[in-house]
Amino acid sequence: MAAPLDMEPSALSLELLPTDPLLLILSFLDYRDLMSCCYLSRRLNQLSSHDPLWKRHCKKYWLISEEEKSKRNQSWKAIFISTYSDLGRYIRYYATLKKAWDDLEKYLGQRCPRMIGSLKESVREEDLDAVEAQIGCKLPDDYRCSFRIHNGQKLVVPGLMGSMALSNHYRSEDLLDIDTAAGGFQQRLGLKQCLPLTFCIHTGLSQYMALESVEGRNKYEIFYQCPDQMARNPSAIDMFITGTSYLEWFTSYVNKVVTGGYPIIRDQIFRYVHDKECVATTGDITVSVSTSFLPELSSVHPPHYFFTYRIRIEMSKDALPEKACQLDSRYWRITNAKGDVEEVQGPGVVGEFPIISPGRVYEYTSCTTFSTTSGYMEGYYTFHCLYYKDKFFNVTIPRFHMVCPTFKVSTARMVSGDAETNHNEYAVDEEEDSTDTDEYEDRRRVLDIPAPSGRCPRHT
C-alpha cells in the first residue's frame, strides 16, 4: 500500500495565536513597533492598546511612577502619548537627564538644602525656540532636554557646578539659565558660536559649549577658555576640554557628586577628586589626598599648570591615648613629567603644628604648579609623641598624581606671525618647574573653608 503524500503545513498566523502568547510577544516590542501594530489589524490594534504594555515604556522613557499615574488619572498608554507629544524629540535623553536631576536634587536636599532653592523651573519649548532664533544657532537636543527639566539656577553662591577655595582665590560656578546663557553667546574671534554653560561671579570664569565646528573645536564640545599669553593675536584662545557633549558633561558631574566623589564642605560641592589608592597608613595615622586642576590659574602658552590638593590626616579612634602626637615638619619629593625631581623640607603645615589624637582629623589645602602637563608628589610628615617628647617618627604621605585635562591649542596661533615663536614656545620648561606652597596653605579645621575673592597669593 502506498504511503500517503506529505501534507504541506498551513502557515501559522498571528491572528490565530491565543491572547496570552500574543501579549507576551508584544511586551518585547519597543514603543514604535507597538504603535505600528495598531495599524496592522483590528485584533492587534486591540491587543497593542493593552494598558500594562505601556507601563514599561512610561517607566523606561519618562520615569513615570505608579504614584504619578494615580495623580493623573489616565491610562499608561494615554500618559505615554501625551508625554511623547510634549517631549518626544528628547526621548533618547529624557530618562537619563531626568534621573540625573532627580538624583542630584535628592542628594542636595539632604546635604546642601539651600542650593535646591536656587534651581529654576523648566522652560517651555517655545522659549528654547526663541533662543535659537536670537542666537542664530541650533541648540543640541540633550541641552534643550535638560532645560525642559530645570532652567539652570539663579546667579547665587554657591554654584551648582562646584566650588574651589584657596587662601586668596575663590571660584563657584553657577549653571546658567537659558536667557543668561543666550546673553553671553559669543561671536567674537576665538570663541565664535560658543554658548556659556556656567559662570563664576568671583572670577568671571565660564565653561562654554561649541554650537558649531569652528576655530578647531568639535561641535558640542565643552571647554574652559584659556587665552594664549604668548600669541600676538588676541583671538588666540586655547581650550581645556571638559566634555564632548552636554549629556556626558552633566551626567558625569552629577555622578561624581551623588556617589561622594566630590566632597560637600559647608554646603558647597568642592571639585576635589580622590583616588582611592592615595591613602597611606603609618601605625595609627592615615593620610589621604585629593586633587584638583584649576584652569583659571593655568595656561598652555606659556605652559603653567596649576593644581590644588587637599590632605586629610586622621588618627584611628581605637588608638591608645598615649599615641597622641604633634606634627613638626614636612618633606616633599616633587617629580614632573620629564622626571625632574625637586625636594622641599619645611616646618609644620600652613604655619601650624597640629596635634593629632585618637579619633581626631586634621585637614588642609595647598597648591603647586608644574610647567609640564602632569607630575606627582609624595613625602612624609615628622611627628613627635606628646607623652614621650624625645620620640620622633615619620608618617608617609602617599604618592598622588596631578594631570592636566585634555587641551586644544588655538588655531589663531599661526596668525599674525605667531608661527615664528612656535619653535621655542616650550622654552619655559627649563625654568623652575614646581614649588611647594605650604606658605600659602589654607587651614581647614573642621572643614572650615572661607570664601575669599581674588587670586591665589602665588599670583598676586
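Whatever comes next refers back to the structure up there.
Note that the coordinates shown come from a computational prediction; the quantities given were computed from them, not determined experimentally. (Residues numbered from 1 in each chain as written. Predicted model: local features only at pLDDT ≥ 70, side-chain atom pairs only at ≥ 80, totals over all residues. Heavy atoms only, no water.)

Caption draft 1: Molecular detail of the pairing of strand E6 (residues 222-227). Among the 6 residues that make up E6, 5 are buried, leaving the element largely enclosed by the rest of the structure. Across 3 bridges, strand E5 (residues 207-210) lies against E6 in antiparallel orientation. Pairing of glutamine 207 across the sheet is with tyrosine 224, part of E6. (Buried < 20%, exposed > 50% of the residue type's maximum accessible area, 1.4 Å probe, protein only. Helix = DSSP H or I, 4+ residues; strand = E, 2+ residues; numbered from the N terminus. Pairing = 2+ DSSP bridges.)

Caption draft 2: Structural detail: the pattern of salt bridges. Under the counting rule described, the total for this entry stands at 28 salt bridges. With a shortest N-O distance of 3.8 Å, lysine 71 and glutamate 67 are connected by a salt bridge. With lysine 71 and glutamate 67 both in helix H5 (residues 66-72) and 4 residues apart, this pair spans about one turn of that helix. Residue glutamate 67 is classed as exposed on the basis of its relative accessible area of 52%. It is possible to trace a salt-bridge network through shared partners that takes in Asp86, Arg89, Glu125, Asp129, Glu132, Lys138, Asp141, Arg144 and Arg148. (Salt bridge = Lys/Arg side-chain N within 4 Å of Asp/Glu carboxyl O.)

Caption draft 3: Up close: the sheet that holds E5. Ordered by their spatial adjacency, 5 strands build an open sheet running E3-E5-E6-E7-E19, and the pairing between neighbours is antiparallel. The open sheet is flanked by strand E3 (194-196) and strand E19 (407-408), the only strands paired with a single partner. Bridge analysis of E6 against strand E7 (residues 237-243) gives 6 bridges, and the strand direction is antiparallel. Following the sheet pairing, cysteine 226 is matched in E7 by aspartate 238. Set on the sheet, helix H12 (residues 246-258) makes contact with E5, E6 and E7; between it and E7 the angle comes to about 65 degrees. (Contact = heavy atoms within 4.5 Å. Axes fitted to C-alpha atoms, helices over the stretch in contact; angles between N-to-C directions.)

Caption draft 4: Representation of helix H6 (residues 76-87) in the model. The terminal C-alpha atoms of H6 lie 16 Å apart, and with 12 residues this matches the ideal 16 Å at 1.5 Å per residue to within 8%. Considered for burial, the residues of H6 that qualify are Trp76, Lys77, Ile79, Phe80, Thr83 and Leu87. Along the long axis of H6, the arc covered by the buried residues comes to 160 degrees, so they all point the same way. Next to the buried residues of H6 lie helix H2 (31-36), helix H4 (51-62), H5, helix H7 (94-111) and helix H10 (141-149). (Expected span 1.5 Å × (residues − 1). Arc of directions from axis to C-beta.)

Caption draft 5: Expanded view of the nonpolar core. Grouped together as the largest cluster of nonpolar side chains are 63 residues, with contacts concentrated most on Leu139, Tyr143, Leu160, Tyr246 and Phe250. At 7 residues, the largest contribution of residues to this core is made by H7. Setting aside anything within four residues of it in sequence, one finds leucine 160 in contact with Trp101, Leu104, Leu108, Met115, Leu119, Gln153, Glu173, Asp174, Leu175, Tyr253 and Ile269. Ranked by size, the runner-up nonpolar core spans 37 residues in total, among them Val287, Ala319, Leu327 and Tyr362. (Core = buried A, V, L, I, M, F, W, Y, C linked by side-chain atoms within 4.5 Å.)

Caption draft 6: Seen up close, helix H9 (residues 125-135). For H9, the complete set of buried residues consists of Glu125, Leu128, Val131, Glu132 and Ile135. Axial view of H9: buried residues confined to an arc of 120 degrees, hence all on one face. For H9, exposure combined with an orientation more than 90 degrees from the buried face picks out Ala133 and Gln134. Those residues of H9 that are buried are in contact with H10 and helix H11 (178-183).

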